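# Fold and geometry: a report
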Amino acid sequence: MATTRRVPPYFDAAQSARAAADVWSGTWLSAEAIAERARLRLLSLLRFARAQVPLYRDLYRGLPPSSALSLAELPAVSKSVLMADLPASLAVEVAPAALEAFIADPSLVGTPFAGRYAVWTSSGSTGVPGIFLHDGAALAVYDALELLRFRGLSVAPLPAAPFLAQERYAMVAAIGGHFAGIACVERLRRAHPLLSPFARAFSVLQPLPDLVAQLNRYRPTLLATYPTVAEMLACEQRAGRLKLSLEELWPGGESLGPAARAAVAQAFGCRVREAYGASEFLSIAWPCRHGSLHFNADWVLLEGIDSQGLQVPPGVPSQTTLLTNLANRVQPLIRYDIGDSTTLLPGRCPCGSSLPAIAVQGRCDDVLSLAGRDGVPVKLMPLAVATVLEDDALVHDFQVVQTGPRRLLLRLGPAERPRAQATAAALRGYLRTLDLGAVRLELGAEPPCRDPVSGKLRRVVCTAGARAA
Ligand SMILES: [Zn+2]
């Protein structure tokens, strides 16, 4: 299939310039003109997917012609359906063993798979880890959306622009895996080696004092990280151990509550800007200067649905959200369940953009605080704990509950129980790298439990009163 049509290159200046021109011109269009762009892109995507992608060819068999279909008439797809037969979700033939080998090699993060495609993996927070391929045309669109809408740059730049603004960009995340954010930093560093000292990734899995020391040496002006990490770094900044002079802090991947946001902004004396992105579409929405989160409706469609699969009206939080990626052809996502609750906000934003505004209710795990060897509490970032279990123990259906200053409870889903000993060993191995006193790790007999109040399944939880003082 790949041989019969032109596949966009992984990195190409002309392709980037075209995407930038498109995004620039689309930013201030009327709502009707944005909807028309999206309609034409959807029609083209549907025709392509029905012709080239086995998953959609089978799923849409017997449906009317694409031009006679509305989005709501199409069946939704889920991550578990896509991952159950990954080759069927692709428009190109890929050897599963080659893809597996690529993902298993951390030295390849940010490099193109098969010379053409970005491969991003997502955590299994909804039970199944995801693998997503993006072509160069989609990457060019994501770059343009980041630069022209999120960053608000006023020129149509090439992807080197983040470095040309004399900024130093730090991302603190789980490095070593092919996660979208890290893979993008590495991709830009590889494309612009001379400028690579101005963008660096730092591991969230190392002890906090080491991370603080590295950040102090690097002196970033822009910092992207998970909200729980931002909160911990804000504590370090307030205590005077971290000495950063940030212009902006970009939390992502989890949701940041208003109180935590205010605390982080105050500690660093900088703007805190939360975008909304995913491994399925890197730049879904961006915050404007009025604080509205506008989604890029010319390149991504979002449908908030209720538990019956019906679209919810504006102003009502959805049960989940279906995403349609209009930019990517190598692994088309059409009415794909992204698992987040979103609310389409009614009315027009005073910033003048016709791009619709949304609110997102994301995940909310807890920071753990265990008793340290010298009595000083040691904080554990939930993402670090989850990454250790996913990457080292290869389990996804788990819950780690802090039940006391020196006690953790590990719960595993039925399918993961045979890996209980290996999982406990991986967690103990991680705990040993921290400056902790003795910590008792128990294996719970029950599977992961939902929060009785919110109904959410949180994977890293600290029960009331369990935190080390
Ligand atoms: Zn706005």
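Residues numbered from 1 in each chain as written. Predicted model: local features only at pLDDT ≥ 70, side-chain atom pairs only at ≥ 80, totals over all residues. Heavy atoms only, no water.

### Re the overall build of the protein
The condition is simple: Numbering of helices and strands runs from the N terminus, with a helix taken as a DSSP run of H or I at least four residues long and a strand as a DSSP run of E at least two residues long. Throughout, radius of gyration means the C-alpha value; the globule benchmark is 2.2 Å times the number of residues raised to the power 0.38. Relative accessibility under 20% of the residue-type maximum defines a buried residue, over 50% an exposed one, and the middle range a partly exposed one, all with a 1.4 Å probe and only protein chains included. Here a residue-residue contact requires only that any non-hydrogen atoms of the pair lie within 4.5 Å. All accessible-area figures derive from a Shrake-Rupley calculation using a 1.4 Å probe, and residue coverage is judged against the displayed protein chains alone. When charges are counted, Lys and Arg contribute as positive and Asp and Glu as negative, whereas His and the chain ends are disregarded. Here the site of a charge means NZ on Lys, CZ on Arg, CG on Asp, or CD on Glu.
The number of helices and strands found in the protein is 13 helices and 21 strands. Relative to a compact globule of 469 residues, whose C-alpha radius of gyration would be 23 Å, the protein shows 22 Å and is just as compact. Reported as C-alpha extents along the three principal axes, the dimensions of the protein are approximately 65 × 50 × 45 Å. Per-residue burial for the protein yields a buried fraction of 55% across its 469 residues. In the protein, 66% of the contacts between residues at least 6 apart in sequence involve partners at least 24 apart. With the model as given, the accessible surface of the protein reaches about 20,000 Å², and the carbon-plus-sulfur share is 57%. Here the protein holds 47 positive side-chain charges and 40 negative ones, and the gap between their average locations is 3 Å.

### Considerations on the packing of helix α12 (residues 382–392) against helix α13 (residues 420–432)
Applicable threshold: The convention used is that axes are lines fitted to C-alpha atoms, helices contributing only their stretch in contact, and that angles between N-to-C directions extend from 0 to 180 degrees. Throughout, the term roughly parallel applies to angles under 35 degrees, roughly antiparallel to angles over 145, roughly perpendicular to angles from 65 to 115, and oblique to all others. Handedness of each helix crossing follows the sense of rotation of the near helix against the far helix: counterclockwise by less than a right angle gives left-handed, clockwise gives right-handed.
At a closest axis distance of 9 Å, the pairing of α12 and α13 adopts a crossing angle of 135 degrees. Classed by the angle they form, the pair α12 and α13 counts as oblique. Classified by chirality, the crossing of α13 by α12 is right-handed. Where α12 abuts α13, its residues Ala384, Val385, Val388, Leu389 and Asp392 lie against Thr423, Ala426, Leu427 and Tyr430.

### Quick look at the side chain of Arg273
Basically, it comes down to this: Residues adjacent in sequence count toward polar contacts only when both atoms are side-chain atoms; beyond that, a polar contact is any pair of N or O atoms within 3.5 Å, and within protein one must be able to donate a hydrogen and the other to accept it.
Tracing the chain through its elements places Arg273 in the loop between β7 (271–272) and β8 (276–278). Among the polar contacts made by the side chain of Arg273, one reaches the main-chain carbonyl oxygen of Phe150 at a distance of 2.7 Å. Filtering out sequence-adjacent residues up to four positions away, Arg273 remains in contact with Phe150, Arg151, Glu248, Leu249, Trp250, Pro251 and Pro287.

### Brief notes about the sheet that holds strand β6 (residues 248–251)
Rules: Two strands qualify as a pair provided DSSP detects at least 2 bridges between them.
The 5 strands lie next to each other as β4-β3-β5-β6-β7, forming an open sheet whose pairing is parallel. The open sheet is flanked by β4 (199–203) and β7, the only strands paired with a single partner. Examined bridge by bridge, strand β5 (residues 222–225) and β6 share 4 bridges and lie parallel to one another. Paired with Thr225 across the two strands is Pro251, which belongs to β6.

### Let's talk about the coordination of the zinc ion
For a metal with four tetrahedral donors the ideal donor-metal-donor angle is 109.5 degrees, whereas six octahedral donors ideally subtend 90 or 180 degrees. The line we're drawing: Counted as donors are N, O and S atoms no farther than 2.8 Å from the metal, or 3.2 Å for Na, K and Ca; water is not among the atoms, and sites may therefore look incomplete.
Donor atoms from the polypeptide that bind the zinc ion are Cys288 (SG), His294 (NE2), Cys349 (SG) and Cys351 (SG), placed at 2.1 to 2.3 Å. Between consecutive donors of the zinc ion, the numbers of intervening residues give the motif C-x5-H-x54-C-x1-C. Of this pair, Cys288 sits in the loop between β9 (281–287) and β10 (293–295) while Cys349 sits in the loop between β14 (341–345) and β15 (357–361), and the two are 61 residues apart along the sequence.

### Let's talk about the pattern of salt bridges
Just so we agree on the cut-off: Salt bridge, as applied in this entry: a Lys or Arg side-chain nitrogen positioned within 4 Å of an Asp or Glu carboxyl oxygen.
Counted according to the given criterion, the structure contains 18 salt bridges. One salt bridge in this structure joins Arg41 and Asp22, with 2.6 Å as the shortest N-O distance. In this pair, Arg41 sits in helix α2 (residues 31–52) while Asp22 sits in helix α1 (residues 13–26), placing the two residues 19 residues apart along the sequence. Each member of the pair, Arg41 as well as Asp22, carries the same accessibility label: buried. Glu390 is the partner of Arg459 in a salt bridge, and the nearest nitrogen-oxygen pair spans 2.8 Å. A residue pair is termed long-range when its members are at least 10 positions apart, and Arg459 in the loop between β20 (440–443) and β21 (460–462) and Glu390 in helix α12 qualify at 69 residues. One exposure class covers both Arg459 and Glu390, and it is buried. A single salt-bridge network, built from bridges that share partners, covers Asp22, Arg37 and Arg41.

### Examining the nonpolar core
For soluble globular proteins, nonpolar side chains are generally found buried alongside one another. The condition is simple: Throughout this description, the term nonpolar core refers to a set of buried Ala, Val, Leu, Ile, Met, Phe, Trp, Tyr and Cys residues connected via side-chain atoms within 4.5 Å.
Formed by 146 residues in total, the largest nonpolar core has its most connected members in Phe268 and Ile284. Take this core: its biggest share by element is 9 residues, from helix α6 (residues 136–150). Once residues within four sequence positions are removed from consideration, Phe268 is found in contact with Ala230, Leu233, Ala234, Gln237, Leu242, Leu244, Leu246 and Leu249.

In short, shape yes, function no, at least from these values alone.
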